[in-house]
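For reference, the chains in residue letters:
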Amino acid sequence: MRGFFQKRSVAMYIPREVEDTVDSILSQGKVLLVTGARQVGKTTMLKRHLSPAFDYVSLENPLDYVTARTDALLFFQSHDIPLLIDEVQRVPELFSTVKFIVDQSDARGQIVLTGSQTYQLMQGVSDSLAGRIRIIEMGGFSLRELVGSTGKGAYVPTRLKQSEVRAVPDGFDLWTHIHRGSMPELQDASQDWDTFYADYVRTYLERDVRDLVNVSDEMKFYNFMVACAARSGQLFNASAVAGVAEVDRKTVKAWLSVLQASGIVRILRPFWSNVDKRLTKTPKLYFMDTGLVCHLTRWTTPDALRNGAAAGHVFETFVVSEVLKSYMNAGANLHDVWFYRDQKKREIDLVIQQGHVLHPVEVKLGVQIGAEATKSFSRLERITGYEFGFGHVICQTREPYPITRDIQAVPVWAI
């Protein structure tokens, strides 16, 4: 497996699936905001894709930061339009000036903004740029991008033929990829995995967390992150996490918002209709990067992870994050991705909504999957006002095969 990563040097650019969405949005609106966790490749993608048409400025640069804070008009006069502004959350005062600038012209695609915290960003958007801005959330590398199978849009289960499933690249081992994670820098084999994530967590605590919330004890926040990572892929129990982190439930909910605002986790909501009150309303928690999960929970090697007690939940976390990234990269509606659980604990890992069609998806570690794995799928047929769609069981098979007439087992790299 190491050979696969050795092909990925830091100088080698891997095209990102979101690039087409960026082009589409820039042709329709005046301002684009690209958000996402730190180091997922937002700036690299945009500079590579938009250069040389766009001028570039980073608000990490002290001179530009001071100018933007003290004289926003001078800041814009110092740079050409169209303009890419990096880490815009550092100067939320810029949003009103951005509004003024773009309102002077009918031109599309004038300004692109990036940021890694949605608290300040969304406040500025709602106050100044409502109706003028489109937003893309970007994640780390998707498996599609790494195996060269992009352009498929948001994932919706369909009947697949073997000829439609791309072969796995030579040297690719799924569990090594899950363990190493999706951060662009780690696609270079010379980068030490544990050192990278230790630095990542420290930087996150020292910068993003301090910017977003007053944390008097960073070790407690770290313990909170570990407790959440250990529960990725499971129903979120705030009381259980509070007990581990030694804080109260109110603090846990506030800190969870911080993880969400900085793109570290995503909360998946259960599908329910007003007709059926028996469905759970408890959400599930998913980290967007399995490498970070493994680092925090100390699964330090791919083999230990593959054979360990957490393999099922980490595999589910990986699959769900891949599905979510397909929606993010396509600019599609993330609210179309749900899960199902009723009071009798009958569960479906994912429910993909396509209008009034509900597609069931289960995630399984195995290779040979029987009909027993899909026993809860029929619950969707009983939801009034919706049709039952084609279903998938995403697993470790190398090629798709039928489980029933309307359900297929499919390999994880086919989603």
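In what follows, the accompanying structure is described. None of these values were measured; they are calculated from a predicted model.

Reading guide: rules and limits
- Residues numbered from 1 in each chain as written.
- Predicted model: local features only at pLDDT ≥ 70, side-chain atom pairs only at ≥ 80, totals over all residues.
- Heavy atoms only, no water.
- 1 Å grid on protein atoms, 1.4 Å probe; cavity = no way out; pocket = protein on both sides within 12 Å on 5 of 7 lines; lining within 4 Å.
- Points joined across faces, edges and corners; volume = space filled by probe spheres on them.
- Helix = DSSP H or I, 4+ residues; strand = E, 2+ residues; numbered from the N terminus.
- Nonpolar A, V, L, I, M, F, W, Y, C, P; charged D, E, K, R; others polar.
- Buried < 20%, exposed > 50% of the residue type's maximum accessible area, 1.4 Å probe, protein only.
- Axes fitted to C-alpha atoms, helices over the stretch in contact; angles between N-to-C directions.
- Parallel < 35°, antiparallel > 145°, perpendicular 65-115°, else oblique.
- Left-handed = near helix turned anticlockwise from the far one by under 90°.
- Contact = heavy atoms within 4.5 Å.

## Some words on the layout of surface pockets
Gaps left between atoms show up when a probe the size of a water molecule is rolled over them.
Here is step 1: Here the largest pocket is characterised by a volume of approximately 710 Å³.
Here is step 2: Lining the largest pocket are 28 residues; nearest its centre among them are E137, R266, M328, L334 and H335.
Here is step 3: Within the residue set of the lining of the largest pocket, elements represented by two or more residues are helix 7 (118-129), strand 5 (133-137), helix 13 (249-261), strand 7 (265-268), helix 16 (311-330) and strand 9 (337-341).
Here is step 4: With four residues, strand 7 is the single largest residue contributor to the lining of the largest pocket.
Here is step 5: In terms of residue class, the lining of the largest pocket is built from 14 nonpolar, 11 polar and three charged.

## Focus: unusual backbone geometry
Here is step 1: Residue P52 follows S51 across a cis peptide bond; omega there is 5 degrees.
Here is step 2: For P52, the location among the structural elements is in the loop between helix 3 (42-50) and strand 2 (55-58).
Here is step 3: A cis amide bond links I81 to the next residue, P82, at an omega of 5 degrees.
Here is step 4: Mapped onto the elements, P82 comes out in the loop between helix 5 (72-77) and strand 3 (83-86).
Here is step 5: Positive phi, close to 70 degrees, is recorded for Q39, a residue that is not glycine.
Here is step 6: Unusually for a residue other than glycine, E246 sits at a positive phi of about 60 degrees.
Here is step 7: Checked against the element boundaries, E246 lands in the loop between helix 12 (238-245) and helix 13.
Here is step 8: Of the residues examined, E246 reaches a relative accessible area of 59% and is grouped as exposed.

## Describing the packing of helix 11 (residues 218-230) against helix 12
Here is step 1: At a minimum axis separation of 8 Å, helix 11 and helix 12 run at an interaxial angle of 135 degrees. As the angle between them shows, helix 11 and helix 12 are arranged oblique. Pair helix 11 / helix 12 crosses with right-handed handedness. Residues K220, N223, F224, A227 and C228 of helix 11 form the contact with helix 12, whose own contacting residues are V241, V244 and A245.
Here is step 2: Class assignment of the residues belonging to the contact of helix 11 with helix 12 gives a composition of six nonpolar, one polar and one charged.

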